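Architecture and fold: a report
The lines below spell out each chain.
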Amino acid sequence: MSKVMILFGSSTGNTESIAQKLEELIAAGGHEVTLLNAAEAAADNLADGYDAVLMGSSAWGMEDLELQDDFAPLFDEMESMGLKGKKVAAFASGDMEYEHYCGAVPAIEEKAKGLGAEIICEGLKMEGDASSDPDAIASFAEDVLKRL
C-alpha cells in the first residue's frame, strides 16, 4: 500500500471534482489517499511521508500560462516540497479555446522532473468536470495504480 497525496487548485470546481474522483478510485485500489486543496496547503516539505503526489490545477492564458490562483504559489515554491525520488502525476481541467489548454500538466511534469521526481504516467487533460469523461479519469487512475 502506498501513501498518495492528491493536491489540487480549483476555481470553478471542475479540477476539484476530478481530484475527488481520483481519490475515490485510488483508495478503492487499496492505497491511503489524502486529498488537499491548494488553498489550504504550504509548500514546505509537503511531500514528506508520501510515496506519490498527484497534482492538478486549472490553467488559462492566451499568451502566458496562468495557473489557478491557489495553486500558483505552490508551483512557484515546488522546490521546497521535497519531491526528489517521489512518484508524480499531473492532471488538469481546461477550456480548449485557450492556447494553453491544460497547460498545468506539462508545466507540473517538467518542473517536478527537474526536481528529481519520477513522472509515472501521461498527464490527464480534460475539458469540464469529472462527469464529462469518467473513462479518461478511470484510465488515468489505472495508469497511476499500476505504478504505485
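Below, the structure is looked at part by part.

Basis of the calculations
- Residues numbered from 1 in each chain as written.
- Predicted model: local features only at pLDDT ≥ 70, side-chain atom pairs only at ≥ 80, totals over all residues.
- Heavy atoms only, no water.
- Helix = DSSP H or I, 4+ residues; strand = E, 2+ residues; numbered from the N terminus.
- Rg over C-alpha atoms; globule rule 2.2 N^0.38 Å.
- Buried < 20%, exposed > 50% of the residue type's maximum accessible area, 1.4 Å probe, protein only.
- Contact = heavy atoms within 4.5 Å.
- Areas by Shrake-Rupley, 256 points an atom, 1.4 Å probe, with all protein chains shown as cover.
- Lys, Arg positive; Asp, Glu negative; His and termini not counted.
- Charge placed at Lys NZ, Arg CZ, Asp CG, Glu CD.
- 1 Å grid on protein atoms, 1.4 Å probe; cavity = no way out; pocket = protein on both sides within 12 Å on 5 of 7 lines; lining within 4 Å.
- Points joined across faces, edges and corners; volume = space filled by probe spheres on them.
- Nonpolar A, V, L, I, M, F, W, Y, C, P; charged D, E, K, R; others polar.
- Pairing = 2+ DSSP bridges.
- Phe/Tyr/Trp six-rings, centres within 6.5 Å; stacked < 30°, edge-to-face > 60°.
- Lys NZ or Arg CZ within 6 Å of the ring centre and 35° of its normal.
- Patch = residues over 30% accessible without salt bridge, like charges linked within 9 Å, V, L, I, M, F, W, Y side chains within 5 Å.
- Salt bridge = Lys/Arg side-chain N within 4 Å of Asp/Glu carboxyl O.
- Core = buried A, V, L, I, M, F, W, Y, C linked by side-chain atoms within 4.5 Å.

Concerning the overall build of the chain
For the chain, the helix and strand inventory stands at four helices and eight strands. Counted from the first residue to the last, the chain has its helices and strands arranged as β-α-β-β-β-β-α-β-α-β-β-α. A compact globule built from 148 residues should have a C-alpha radius of gyration of about 15 Å, and the chain, at 14 Å, falls within 12% of that. Judged by the C-alpha coordinates and their principal axes, the chain covers about 40 × 35 × 25 Å. Taken over 148 residues, the chain has a buried fraction of 45%. Here the analysis covers contacts within the chain between residues at least 6 apart in sequence; of these, 76% occur between residues at least 24 apart. On the chain, roughly 7000 Å² of surface is accessible, and the fraction owed to carbon and sulfur atoms is 43%. Side-chain charges of the chain comprise 10 positive and 29 negative groups, with the mean position of each set lying 12 Å from the other.

Details of the layout of surface pockets
By volume, the largest pocket is sized at about 190 Å³. In this structure, the largest pocket is lined by Ser11, Thr12, Asn14, Thr15, Ser58, Ala59, Trp60, Ser93, Gly94, Asp95, Tyr98 and Gly128. Every element with two or more residues in the lining of the largest pocket is listed here: helix 1 (14-28), strand 4 (59-60) and strand 6 (87-94). Residues belonging to the lining of the largest pocket are distributed by class as follows: three nonpolar, eight polar and one charged.

Concerning the pairing of strand 2 (residues 32-37)
The sheet contact formed by strand 1 (residues 3-9) and strand 2 spans six bridges and is parallel. Note on strand 2: the bridge partner recorded for Lys3 is Glu32.

Let's talk about the packing of aromatic side chains
Both the distance between ring centres and the angle between the ring planes are used here to describe each pair of aromatic rings. Taken as a whole and assessed by the stated rule, the structure comprises zero aromatic pairs. If you follow Lys3 out to its NZ or CZ, it ends over the ring of Tyr50, 5.6 Å from the centre. Sitting over the ring of Phe75, Lys111 keeps its end group 4.4 Å from the ring centre.

Considering unusual backbone geometry
Even without being a glycine, Asn45 presents a positive backbone phi close to 55 degrees. Looking at the secondary structure, you find Asn45 in the loop between strand 2 and strand 3 (52-57). You will see that Cys102, though not glycine, has its phi angle at about 50 degrees, which is positive. The residue Cys102 is located in the loop between strand 6 and helix 3 (104-114) in this model.

Considering the environment of Met5
Residue position: Met5 is located in strand 1. Since its relative accessible area comes to 2%, Met5 is described here as buried. Separated by 41 residues in sequence, Met5 and Leu46 place their C-alpha atoms 9.2 Å apart.

A closer look at a negative patch on the surface
A surface patch of negative charge is lined by Glu63, Asp64, Glu66, Asp69 and Glu99. Looking at where Glu66 falls in the secondary structure, it is placed in strand 5 (residues 66-67). A relative accessible area of 42% places Glu66 in the partly exposed class.

Topic: the nonpolar core
Judged by nonpolar contacts, the single largest core of 28 residues is most densely connected at Leu7, Met55, Phe71, Met78, Met81, Leu83 and Ile108. For this core, the element with the most residues is helix 3, which contributes five residues. Those residues in contact with Leu83 that lie beyond four places of it in its chain are Ala47, Val53, Met55, Met78, Val88, Ala112, Leu115, Gly116 and Ala117. If you look at the next biggest cluster of nonpolar residues, it comprises 21 residues, including Ala89, Phe91, Leu124 and Ala141.

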